[in-house]
Amino acid sequence: EDIIGFAWGHGEQIYASTDLSLLSTDLFKKVFEKPIATYDFKRSKVLLSHLGIELVAPSYDARLANYLLSNVEDNELTTIARLFTDISLEADDSIYGKGVKRAVPEKEVLLGHLARKVKVLLDSRAPMVEKLADHDQIDLYHEIELPLANVLAKMEIEGIKVNRATLQDMAEQNKVIIEALTQEIYDMAGQEFNINSPKQLGSILFEKMQLPLEMTKKTKTGYSTAVDVLERLAPIAPIVAKILDYRQITKLQSTYVIGLQDYILADGKIHTRYVQDLTQTGRLSSVDPNLQNIPIRLEQGRLIRKAFTPSHEDAVLLSSDYSQIELRVLAHISGDEHLIAAFNEGADIHTSTAMRVFGIDKAAVRSYTEQEFNDNDRRNAKAVNFGIVYGISDFGLSNNLGITRKQAKSYIDTYFERYPGIKAYMENVVREAKDKGYVETLFKRRRELPDINSRNFNVRSFAERTAINSPIQGSAADILKIAMINLDNALQAGGFKAKMLLQVHDEIVLEVPNTELAAVKKLVKETMEAAVDLAVPLRADENAGQSWYEAK
């Protein structure tokens, strides 16, 4: 993005200019050395870094304040003006235009618009801070969101090296795989057709091959070939399993193996952008490109991470991620003595659940950590554990495990018998949500639930599941943010050259000089595990390598 103008002010004095050279004067250098108030500090820091100007830290960020306070999707300065000031502020699209009509307006119009934005910042601060205090969110704002914006900006500026040649080689390999799958599908169908056409595919599967019509539904253009339909058909029709493989690999090829190459800049790096104010749970998202959606369950997806490498030959990538953080948060929030005991004893939590829920004798395994019983039991227990976190129904669990609803209900009922504290938590949090209209994380992040008392069963049930999950998922997100802030501070305090590059789900990726690896590895583990004090220990697992693939 280009900076076309800027505005600043204090009290009633507001100024605007298009002379970017002013930003490099001693006046502004002194201003930027102190924490500043702005709208979207992270974006401002990244933009100004292109001019060689460094913003130190935010004292107030209207965008982040509104994110915490307002349950609105439109987190623009115009919205803040409407909600917290008496100022009429036109939307940027009205000033600059849209699409091909987007252009810099007349100087007078531009400067007036920028000045009004600063006025909104100045006038909104007091009422927004007052409302944050009413919500008991001052610490969440000042201790987590504001410092995190600075950390994320530094990560965006740094970027991560991505080897284009590795992606190009992978594209050629995938091309061969796609061609082979295409021919296999043609052979099994007995004819060539457009595999990417739902209409043609539906005709092949349900008319020519006469697969069960009760497993799909009729659409305006033919038969549904959505993923859920194909997954139900795959066990009885080998061609469908091949089609699912084809879809996965072609999506991988276009979106990531080829798509990522468009984002590699002249410095050989990808500078993904973190969106801090998108999710209602507090989790970060990544765009331009989205690095959080690389499908690592598929080996071809995991291989993409081989292209992500250190930018220096004498360095490695270090990956550290929290182990089962949401279940650990659940143990703390629910206070369930059995779940807490399992974590405090260092048990494999899914093994422990399998033994408690499926009635497997403890003597059947030599220890909690060794799986001396049917792997299927542990896999089922894992599905139950994570299903409970998301408020899963017997219908949902039966689909996930491929069992009857009656059996799924039996699993859930037994789970609640064995972990009564979790059942009590779920009942209490839904009851409180119905009274208050919202739920909170351990750090007072709110999730508004306007449908929690809806008369519509499906709508109300979804809100109830959200009430159960949001404090867990949101608290886990907050803990990771605290860990990132603490880690950034610890790296600076220790004088390390290691830098944080990526944050993906519960994982932090750093570039670390070989000479610092032992010390930084220890520092990262200690910092992440000491981020907060819960009733159960936090655990972080780390690994290093010459690529993100090796480090994971």
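Here the structure is a predicted model, which is why all the values come from computation and not from measurement. (Residues numbered from 1 in each chain as written. Predicted model: local features only at pLDDT ≥ 70, side-chain atom pairs only at ≥ 80, totals over all residues. Heavy atoms only, no water.)

Enquirer: Quick question: what am I supposed to make of the pairing of strand 15 (residues 499-504) here?
Expert: Regular strands place their side chains on alternate faces of the sheet. Most of strand 15 sits out of view: five of its six residues are buried. Two strands pair when backbone bridges link them, and strand 15 and strand 16 (residues 507-513) are joined in this way by five bridges, in the antiparallel orientation. For glutamine 503, the partnering residue across the bridge sits in strand 16 and is isoleucine 508. Linkage of strand 15 to strand 16, two consecutive antiparallel strands, is achieved through a turn of two residues, within which histidine 505 is found at a positive phi near 55°. (Buried < 20%, exposed > 50% of the residue type's maximum accessible area, 1.4 Å probe, protein only. Helix = DSSP H or I, 4+ residues; strand = E, 2+ residues; numbered from the N terminus. Pairing = 2+ DSSP bridges.)

Enquirer: Just checking my understanding: could you explain the sheet that holds strand 17 (residues 540-545) for this structure?
Expert: Strand pairs in the sheet, formed through backbone hydrogen bonds, run parallel or antiparallel to each other. Strand order in the open sheet made by the four strands is 15-16-12-17, with antiparallel pairing throughout. The strands lining the two open edges of the sheet, one partner per strand, are strand 15 and strand 17. Neighbour-to-neighbour, the strand axes of the sheet open up by a mean angle of 20°, direction not taken into account. On top of the sheet, helix 21 (residues 517-529) reaches strand 12 (315-322), strand 16 and strand 17; it is set at about 20° to strand 12, its chief contact. (Axes fitted to C-alpha atoms, helices over the stretch in contact; angles between N-to-C directions. Contact = heavy atoms within 4.5 Å.)

Enquirer: Help me understand the packing of aromatic side chains, please; the structure alone is not making it clear to me.
Expert: For any two aromatic rings, the description comes down to two numbers: the centre-to-centre distance and the angle of the planes. Within this structure, the stated rule accounts for 10 aromatic pairs. Between tyrosine 415 and phenylalanine 416, the aromatic rings sit 6.0 Å apart at their centres with planes inclined by 85°, giving edge-to-face as the arrangement. Ring pairs connect the aromatic residues Phe6, Trp8, Tyr15, Phe28 and Phe32, which therefore count as one cluster. Seen from the ring of phenylalanine 416, lysine 423 lies directly overhead, with NZ or CZ sitting 5.0 Å from the centre. The cationic tip of arginine 446 hangs over the ring face of tyrosine 438; the distance from NZ or CZ to the ring centre is 3.8 Å. (Phe/Tyr/Trp six-rings, centres within 6.5 Å; stacked < 30°, edge-to-face > 60°. Lys NZ or Arg CZ within 6 Å of the ring centre and 35° of its normal.)

Enquirer: Is there a simple way to think about the pairing of strand 1 (residues 6-10) in this case?
Expert: In the sheet, strand 1 pairs with strand 2 (residues 13-17) via five bridges, with the strands oriented antiparallel. What sits directly across from tryptophan 8, in strand 2, is tyrosine 15.

Enquirer: Is there a simple way to explain the sheet that holds strand 11 (residues 308-309) in this structure?
Expert: Here we have three strands laid out as an open sheet, ordered 8-5-11, and antiparallel in their pairing. Edge positions in the sheet fall to strand 8 (269-270) and strand 11, since each has one partner strand and no second. In terms of strand pairing, strand 5 (residues 160-162) meets strand 8 through two bridges, oriented antiparallel. Within strand 8, the residue paired with lysine 161 across the bridge is lysine 269.

Enquirer: Quick question: what am I supposed to make of the packing of helix 13 (residues 325-334) against helix 20 (residues 457-493) here?
Expert: Geometry of a packed helix pair, given as the angle between the helix axes and the separation of the axes. At a closest axis distance of 9 Å, the pairing of helix 13 and helix 20 adopts a crossing angle of 115°. Relative to helix 20, helix 13 is oriented roughly perpendicular. Two packed elements cross with a definite hand, and for helix 13 against helix 20 that hand is right-handed. Here Ile325, Glu326, Val329, Leu330 and Ile333 of helix 13 lie close against helix 20, whose contacting residues are Pro471, Ile472, Gln473, Ser475, Ala476 and Ile479. (Parallel < 35°, antiparallel > 145°, perpendicular 65-115°, else oblique. Left-handed = near helix turned anticlockwise from the far one by under 90°.)

Enquirer: Explanation requested: the environment of methionine 426 in the structure shown.
Expert: Of note, methionine 426 is situated in helix 19 (residues 420-436). Given a relative accessible area of 12%, methionine 426 falls into the buried group. Each C-alpha atom of the pair methionine 426 and valine 275 lies 30 Å from the other, and the pair is 151 residues apart in sequence. Not counting residues within four places of it along the chain, the set of residues in contact with methionine 426 comprises Ile388, Phe416 and Ile468.

Enquirer: How do you make sense of the environment of threonine 221 when you look at a structure like this?
Expert: With respect to the element layout, threonine 221 can be found in the loop between strand 6 (218-219) and strand 7 (222-223). Distance from threonine 221 to glutamine 200, taken between C-alpha atoms, is 9.5 Å for residues 21 residues apart in sequence.

Enquirer: How should the packing of helix 3 (residues 62-69) against helix 4 (residues 77-84) be read in this particular structure?
Expert: Orientation of helix 3 relative to helix 4, taken along the N-to-C sense of each, is 65°, at an axis distance of 10 Å. In the crossing of helix 3 with helix 4, the sense of the turn from one axis to the other is left-handed. For the pair helix 3 and helix 4, contact is made by Ala62, Arg63, Asn66 and Leu69 and by Thr79, Ile80, Leu83 and Phe84, respectively. Of the residues in the contact of helix 3 with helix 4, the class split is five nonpolar, two polar and one charged. (Nonpolar A, V, L, I, M, F, W, Y, C, P; charged D, E, K, R; others polar.)

Enquirer: Looking at this structure, I do not really get unusual backbone geometry. What am I missing?
Expert: Across the chain, the bulk of peptide bonds are trans and the bulk of non-glycine residues have phi less than zero. The omega torsion of the bond from aspartate 288 to proline 289 falls at 0°, within 30 degrees of zero and hence cis. Examined against the element boundaries, proline 289 turns out to sit in the loop between strand 10 (285-287) and helix 12 (299-303). Phi angles above zero are rare outside glycine, and aspartate 288 is one such case at about 55°. Relative to the elements of secondary structure, aspartate 288 occurs in the loop between strand 10 and helix 12. Residue class for aspartate 288 comes out partly exposed when judged on its relative accessible area of 41%. The backbone of histidine 505 shows a phi angle near 55°, a positive value even though the residue is not glycine.

Enquirer: In this structure, what is going on with the pattern of salt bridges? I would like to understand it.
Expert: Two side chains bearing opposite charge may form a pair once their charged atoms approach each other closely. Applying the stated criterion across every chain yields a total of 33 salt bridges. Measuring nitrogen to oxygen at the nearest pair gives 3.5 Å for the salt bridge that ties glutamate 12 to lysine 119. With glutamate 12 in the loop between strand 1 and strand 2 and lysine 119 in helix 6 (residues 107-134), the pair connects residues that are 107 residues apart, well separated along the chain. Linking arginine 63 and aspartate 277 is a salt bridge whose minimum nitrogen-to-oxygen distance equals 2.6 Å. Placement of arginine 63 in helix 3 and of aspartate 277 in the loop between strand 9 (273-275) and strand 10 is noted, with a sequence separation of 214 residues between them. Linked through salt bridges whose partners overlap, the residues forming this network are Glu145, Arg445, Asp478 and Lys481. (Salt bridge = Lys/Arg side-chain N within 4 Å of Asp/Glu carboxyl O.)

Enquirer: So what exactly am I meant to see when it comes to the side chain of threonine 272 here?
Expert: Looking at the element boundaries, threonine 272 is found in the loop between strand 8 and strand 9. A residue is classified by how much of its surface remains accessible, and threonine 272, at 3% relative accessible area, is buried. Here serine 286 takes part through its side chain, which lies 2.9 Å from a polar atom of the side chain of threonine 272. Aside from chain neighbours lying at most four places away, what touches threonine 272 is Glu156, Ser286, Val287, Asp288, Pro289, Leu291 and Leu502. (Polar contact = N/O pair within 3.5 Å; in protein donor to acceptor, adjacent residues only side chain to side chain.)

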